[in-house]
Each structure stands twice: as structure tokens, then as C-alpha cells.
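Residue-level structure breakdown
Here is how the chains run, residue by residue.
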Amino acid sequence: MRSARPGRPAWLSPKVARTEILSGLVVALALIPEAISFSIIAGVDPRVGLFASFTMAVVIAVVGGRPAMISAATGAIALVIAPLVREHGLSYLIATVILGGLIQVALGALGVARLMRFVPRSVMVGFVNALAILIFMARVPELTGVPWIVYPLVAGALALMVALPRLTRVVPAPLISIIALTALTVGAHLAVPTVGDRGALPSALPVPGLPDVPPTWATLTLIAPYALAFALVGLMESLMTAKLVDDITDTRSGKTRESIGQGIANIVTGVFGGMGGCAMIGQTMINVRNGARTRLSTFCAGAFLMVLCIAFGPLVSRIPMAALVAVMILVSFATFDWHSVAPATLKRMPAGELTVMALTVAVVVSTHNLAIGVVAGSLTAMVIFARRVAHLAEVTAVTDPDGRQVIYAVTGQLFFASSNDLVTQFDYTGDPDQVVIDLSDAHIWDASTVAALDAVQAKYAARGKAVQIIGLNGASAKMHATLSGELTGGH
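Conventions used here
Residues numbered from 1 in each chain as written. Predicted model: local features only at pLDDT ≥ 70, side-chain atom pairs only at ≥ 80, totals over all residues. Heavy atoms only, no water. Phe/Tyr/Trp six-rings, centres within 6.5 Å; stacked < 30°, edge-to-face > 60°. Helix = DSSP H or I, 4+ residues; strand = E, 2+ residues; numbered from the N terminus. Buried < 20%, exposed > 50% of the residue type's maximum accessible area, 1.4 Å probe, protein only. Lys NZ or Arg CZ within 6 Å of the ring centre and 35° of its normal. Pairing = 2+ DSSP bridges. Right-handed = clockwise from strand over helix to strand, strands pointing away. Salt bridge = Lys/Arg side-chain N within 4 Å of Asp/Glu carboxyl O. Polar contact = N/O pair within 3.5 Å; in protein donor to acceptor, adjacent residues only side chain to side chain. Contact = heavy atoms within 4.5 Å. Axes fitted to C-alpha atoms, helices over the stretch in contact; angles between N-to-C directions. Parallel < 35°, antiparallel > 145°, perpendicular 65-115°, else oblique. Left-handed = near helix turned anticlockwise from the far one by under 90°. Expected span 1.5 Å × (residues − 1). Bend = angle between axes of the 7 residues up to and from the residue.

Re the packing of aromatic side chains
- Summed over the entire model, instances satisfying the criterion amount to 7 aromatic pairs.
- Seen in terms of ring centroids, Phe426 and Tyr460 are 6.3 Å apart; in terms of plane orientation they differ by 80°. Their pairing is edge-to-face. In this pair, Phe426 sits in the loop between α17 (416-419) and β5 (434-444) while Tyr460 sits in helix α18 (residues 447-461), placing the two residues 34 residues apart along the sequence.
- Taking the relative accessible area as the measure of exposure, Phe426 reaches 7% and is therefore buried.
- Centre to centre, the rings of Tyr428 and Tyr460 are 4.8 Å apart; their planes meet at 55°, and the pair counts as tilted. Of the two residues, Tyr428 sits in the loop between α17 and β5 while Tyr460 sits in helix α18, which places them 32 residues apart along the sequence. No difference in accessibility class separates Tyr428 from Tyr460, as the two residues are buried.
- For Lys459, the ring lying beneath its charged end belongs to Tyr428, and the centroid distance is 5.9 Å.

Section: the pairing of β5
- For strand β4 (residues 405-414) and β5, the ladder comprises 9 bridges, and the chain directions are parallel. Bridging across to β5, Gln405 finds its partner in Gln434.
- Strand direction decides the pairing type here: β5 and strand β6 (residues 466-470), joined by 5 bridges, are parallel. Within β6, the position partnered with Gln434 by the bridge is Ala466.
- For the segment spanning β5, α18 and β6, crossover handedness is right-handed.

Focus: the pattern of salt bridges
- Evaluation of the coordinates by the stated rule reveals 5 salt bridges.
- The residue Arg139 makes a salt bridge to Glu34 at a minimum N-O spacing of 2.6 Å. Of this pair, Arg139 sits in the loop between α5 (121-137) and α6 (150-163) while Glu34 sits in helix α1 (residues 14-42); the two residues are 105 residues apart in sequence, bridging distant segments of the chain. Neither Arg139 nor Glu34 differs from the other in exposure class; each is buried.
- Residues participating in the shared-partner salt-bridge network are Arg66, Asp246 and Lys255.

Points about the side chain of Ser332
- Mapped onto the fold, Ser332 is located in helix α13 (residues 321-335).
- Polar side-chain contacts of Ser332 include one of 2.6 Å to the backbone oxygen of Ala132.
- With sequence-adjacent residues up to four places away left out, Ser332 is seen in contact with Ala132, Ile135 and Phe136.

Topic: the packing of α6 against α13
- For the pair α6 and α13, the least separation of the axes is 8 Å and the interaxial angle reads 50°. As far as their axial angle goes, α13 and α6 are oblique. Note on packing geometry: the crossing formed by α6 with α13 is right-handed. Along the contact surface, α6 presents Val150, Leu153, Val154, Ala157, Leu158, Met161 and Val162, while α13 presents Ala322, Val325, Ala326, Val327, Ile329 and Leu330.

Brief notes about the packing of α6 against helix α7 (residues 173-187)
- Closest axis-to-axis distance for the α6/α7 pair is 9 Å, and the angle between their directions is 145°. Along this stretch, α6 crosses α7, giving a crossing that reads as right-handed. From α6, Leu153, Ala157, Leu160 and Met161 reach across to α7, where they touch Ala173, Pro174, Ile176, Ser177, Ala180, Leu181, Leu184 and Thr185.

Points about α1
- Here α1 spans 40 Å end to end across 29 residues, near enough to the 42 Å set by a 1.5 Å rise per residue.
- Remark: the principal bend of α1, roughly 30°, maps to Leu31, with a proline, Pro33, within the next four residues.
- α1 sits mainly inside the fold: 21 of its 29 residues count as buried.
- Immediately downstream of α1, the backbone of Gly43 shows phi near 85°, a positive value.

A few points about the sheet that holds β4
- Within the open sheet, the 4 strands sit side by side as β3-β4-β5-β6. Their pairing is mixed. Unpaired on one side and paired on the other, β3 (394-399) and β6 mark the two borders of the sheet. When the angles between neighbouring strand axes are averaged without regard to direction, this sheet yields 20°.
- Here α18 sits on the sheet and contacts β4, β5 and β6; the angle it forms with β5, its principal contact strand, is near 175°.

Have a look at this one:
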């Protein structure tokens, strides 16, 4: 993280502040059509999505745990709440957003962010690649059924954004591209799709208020399932995005603070009549790729959004969608992990890792839901890992020369998958009367293993043979002592 002086926020440096402010302006311009689009998906007035983007960005800039990450109205949230809006109206949506925010605060306080450690790298790579594909796919409708002039405009904007950074980075290339295309289309009177075609922009700031719903148990039971889904999807996307930004910027963020911050931002958003939201991956990538690293850029994105809508609405409405499409296409290209699909990488990667990555991409792209893809990929990775580890437990037997004792050496990790076959690894009939099971090179992880060892002892006891278990480490000995003989009623 860049810093102005020791003990002072980095954004107080004029150079840093310029980068943060200009990047926030670019993000704000990109947020407007996105927020309007997500409002349409959710079935609400475009102003509801724009208000949500404004309040989410401004609040999360203060209370969030990941600097430079953009939170606003998103497509995933829109899909979750759309059925509720369609059946019960805006007031119930607002109540759901507030309740969802409260749930997020509770989950954050309970440490839900720690679950991120169970997301494997292959899932993360699949998440990033699926994200890039979704960003690109979301732009395809903007390129179909449009005047032919849109295509050279998009190509020109892409060329400008690729070439300009080689000359100067003082002003973000996407901002120059947006200004240049707007000037060209307005000056040449080109009839192309514009931001204004998406819907009317707000003319005043949102005002606080509470939803007009009956405060009854019936209302709570109606909105609770939507609020829970809202909270889980929002946290999943936000935490995954935060981890992605951590990797890109080589910095750490407070995931618990981010979880609680998302909840606070959604509560505030609901009070101001917004549709709720979470981290916006595409806009976050724009922000980070433009060099933003502090909270100032996030705050500016939200503040500029309202300023642009209220003070410069007519001008913003004339921005050609071609310019914003070009920005997002470039973001999509930069986001995709091309190294992960290089032939050399594919040859070296284990089949299980490739399966998890491909499954994550397929589920995300097919459902358009990043949370479902991450859960599916993580569960698949756990199953593959369990199957792999299950084969690492081995049992070898050594009989004393006098034939009065046999020692079984057990090595590996013993849990439900590997210990299921443990009972079959012993010669109950042929072994001598004294049997030793040495677990010095093994570890007991669960009750299934203790039950398996009990079963082994019971089978030997039925034949009048004594079993001694030795070599247990501290944790394994404690679990065995606690559970042995208790799992089957002592029989």
C-alpha cells in the first residue's frame, strides 16, 4: 500500500489522491448502466438500483474491510430478490434488504469469514475465470441488434485503452476512452445506444424511511428465506472478491470486518430505499486495474455516481454504451487467468484439480450465480481430497518369531473414508492370542475411526484374543479415550 507519510492515510498524498479520484470517476460511469440493468432484472425502478449503488459504495468505504473494493447493486442480488418483488412489491423488498443486512452482521460477528480457508485454489481459479466469462457474456447483448457503427466504436475504444497506457498513466485510459467516444458520438450526431436508453436517472438524493409492511410474524416468515439467501449470496461474492483483490494487490484485508460492513451497508441501503447489494467484481477490477488501492476510490465511486446523475444527468445520459462495453471487455480479458488454461499448465495439473476448476466455471456460467459455483466446486474438491486421502492409510503386520504376538503398524490419516476398510485388514482367526495395533504413524480424526477400532477389538475378543493399542498421539488418545466403547452402547 502506498503511503504519503508515516502515520498519515495514503490518500492524502496528491499523487495517490489523483489516482483514487479519477479511478472512482471511471467506476461511477460504469456503475450507472449496470445499476439500471440490475434494477430491471429485479423488477424495480432504475432509481432503486442507483440509490443502492450510491449508499453501498459510500458506506462500505468507511466500514468495509477491503480497501479499493466496490460494493453496489449486483446481478446476483437482483436474481435473489426478483421473485419477492414480483409477488409482493417494493416495500417487502426493502424489509428484506434490512433483515438481510442484520443477518450479515450476525454472520460476520460469528466468524463466517473463516470459512474462506476451505475454498481451494482450483475453485478460486475457476471463480476468476467464470467471472471473466460472465463479464464478457453480459456485454454480448449490447453488441447484438445495434447499428453497425457500434462495432468500430468499441474497437476504437479498445485500441485507445491498450495504447494509451504506453504513453501516459496520469489519467486512466478508460476515462479518456469514455470522454473521447462521447465527444465523437455527440459531435457527429451518431445514433447509437446510450446510457439514457437504459432508464431515467434520479434528480434528487434518496431520503431515509422504513418499509411500509405490517410488523407481524407472517411478514417475518415471508421475507426471512429471501433475506437469508440475500445474506449468504452477498457475503459469498464479497468475500471471494476481497480474496481476489488481496491476491492482485498483494495486501491483506479484514474479512470479518468486511462481512459486518456489508451488513451495515445493506441496512443503510434499505433505510434509504435501495435494493441492496454486495461487492461488484467487474467494477472492482476496473478500480484495481486503474491503480486504486485505498478507500477513497470506493467513496468517490459512490459520491460521483449521485453527482453525475443529479448534476450532470443529461450529459451522462448521452454516454454511448459502446464506450462502457469496451471498458468491461478489457476488464474481462485482464481478469481471466490465461496461465491456468495454458497447455503446459494443463499437462502438469492433477486431473482432480482440473475437474474442480472446470466444474466451478461450468456451474457459475450456467447458473449465473458465483455463490452456487463456489459451493459446488468446494464440495467436489473435498470429495476428491477425501477419496485421495482414503488410500493413504496402510496396515502392515509383523509376527514375533515365537509366534505368540503380532504387531500391526497402521500409517496414514484415519477418518470416515479411510477407516471404513480398517476392520477388514486384520486376520482375526489366524493371529496369535496377543495383538498389538501400533498407531505411532497414524492420526485419528473422527468417531468413525474410533468405532472401527472398537469393532476390531470386539472381533478379537470374540475369539478370546487380547488387543493392545499403542502409539496414539495426544489428540488421538484423547478422542479414543472419550469415545471408545460409547458409540455402540458398549457392545
